[in-house]
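Examining the three-dimensional arrangement
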Amino acid sequence: MAKLITDHDPYHVHKVLGLLALLHYIYRFGLLYRYGNAFPSSESTIIATCGVFLHGLLSWSSLLLPLPNKRNFNKPMIWPEFRLHSITFATRHVVA
């Protein structure tokens, strides 16, 4: 857990968005359990849209984090190509 809190995100943007996205998942599963639908018709469209948009922001905020210039195959690091691939797919699902 200590490795999640580093100096790479000095303003905690990515951390806060990650926490909010996790809470949003929990909220959606609670709605699914309670109403049988993760996006009930009684919920405001603005609230539903903002919650989903949050996940897209989390993906885009990964651009704030530095990546090593040289690939290290011995450590679990994300590579620039995969990061862009992940951002593309996350944005596609948010827009859809």
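Shown above is the structure to which this text applies.
Residues numbered from 1 in each chain as written. Predicted model: local features only at pLDDT ≥ 70, side-chain atom pairs only at ≥ 80, totals over all residues. Heavy atoms only, no water.

**Let's talk about the packing of aromatic side chains**
Cut-off, in case you're wondering: Only Phe, Tyr and Trp rings take part, Trp by its six-membered ring, and two of them pair if their centres are within 6.5 Å. Stacked means planes under 30 degrees apart, edge-to-face means over 60, and tilted covers everything else.
Under the definition given, this model contains 1 aromatic pair. With 5.4 Å between their ring centres and 85 degrees between their planes, F73 and W79 make a pair best called edge-to-face.

**Examining the environment of A96**
For clarity, the threshold we go by: Put simply, DSSP marks the helices as runs of H or I at least four residues long and the strands as runs of E at least two long, and each gets a number from the N terminus on. We call a residue buried when its accessible area falls under 20% of the maximum for its residue type, exposed when it is over 50%, and partly exposed in between, using a 1.4 Å probe and counting protein chains only.
Note that A96 resides in the segment after α3 (80-95). The class for A96 is exposed, based on a relative accessible area of 87%.

**Some details on the pattern of salt bridges**
The following threshold applies: Salt bridge, as used here: a side-chain nitrogen of Lys or Arg that lies within 4 Å of a carboxyl oxygen of Asp or Glu.
According to the stated counting rule, one finds 1 salt bridge in the structure shown. A salt bridge links R28 to E43; the nearest nitrogen and oxygen atoms lie 2.8 Å apart. Note that R28 is positioned in helix α1 (residues 13-35) and E43 in the loop between α1 and α2 (45-61), a separation of 15 residues in sequence. A relative accessible area of 7% means that R28 is categorised as buried.

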